Amino acid sequence: MTMHLTNNKPYNCYKITVNYPNSNRQLDFIGMDRGSCIMLAEVAKLEGDDLMLMQTEAEETLWKITKEK
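Note that the coordinates shown come from a computational prediction; the quantities given were computed from them, not determined experimentally. Each chain has its residues counted from 1, running along the sequence as written. With the structure being a predicted model, the display of local features is reserved for residues of pLDDT at least 70 and the display and counting of side-chain atom pairs for 80 or more, all residues being used for whole-chain, interface and lining totals. Calculated side-chain values reflect all of the structure's heavy atoms, with hydrogen atoms and water omitted.

Structural notes on the side chain of Thr17
Convention followed: By definition, any uninterrupted DSSP run of H or I lasting at least four residues is a helix, any uninterrupted run of E lasting at least two residues is a strand, and each is numbered from the N terminus. Each residue gets one of three labels from its accessible area relative to the maximum for its type: buried under 20%, exposed over 50%, partly exposed in between, using a 1.4 Å probe on protein chains only. Think of a polar contact as two N or O atoms within 3.5 Å of one another; within protein, one of them needs to be a possible hydrogen donor and the other a possible acceptor, and neighboring residues in sequence only count if both atoms come from side chains. Contact criterion: two residues are considered in contact whenever any of their non-hydrogen atoms come within 4.5 Å of each other.
With respect to the helices and strands, Thr17 occurs in strand E1 (residues 4–20). The buried category is assigned to Thr17, whose relative accessible area is 7%. A distance of 2.6 Å separates a polar atom in the side chain of Thr17 from a polar atom in the side chain of Asp28. Ignoring anything within four residues of it in the chain, the contact list for Thr17 reads Gln26, Leu27, Asp28, Leu53, Met54, Gln55 and Thr56.

Brief notes about the nonpolar core
Which entries qualify depends on this criterion: The definition of a nonpolar core used throughout is a set of buried Ala, Val, Leu, Ile, Met, Phe, Trp, Tyr and Cys residues joined through side-chain atoms within 4.5 Å.
Tyr14, Ile16, Val18, Tyr20, Phe29, Cys37 and Ala41 together form the largest nonpolar core, which totals seven residues. Every element with two or more residues in this core is listed here: E1 and helix H1 (34–43). Per-element tally for this core: the top contributor is E1, with four residues. Excluding its chain neighbours within four sequence positions, the residues that come into contact with Phe29 are Tyr14, Lys15, Ile16, Val18, Tyr20, Cys37, Leu40, Ala41 and Ala44.

Quick word on unusual backbone geometry
With a phi close to 55 degrees, Asn24 is a non-glycine residue in the positive phi region. Note on Asn24: relative accessible area 72%, which makes it exposed.

Taken by themselves, the reported measurements are silent on function.
Quick look at the structure:
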């Protein structure tokens, strides 16, 4: 049996990079839109992270790769 990797349709998503200066962290978040990325960034805040600085934001195209028999 031979397996082949096949690219499916591309889909667009949104990516932001957030800096948390109080905890000295920088994290990337990928979501369906800007709002979902910001909500993820809010959830990732640690105690004392009163400030979030958005470093970059961009639309990304991802490809879902599947195996075919």
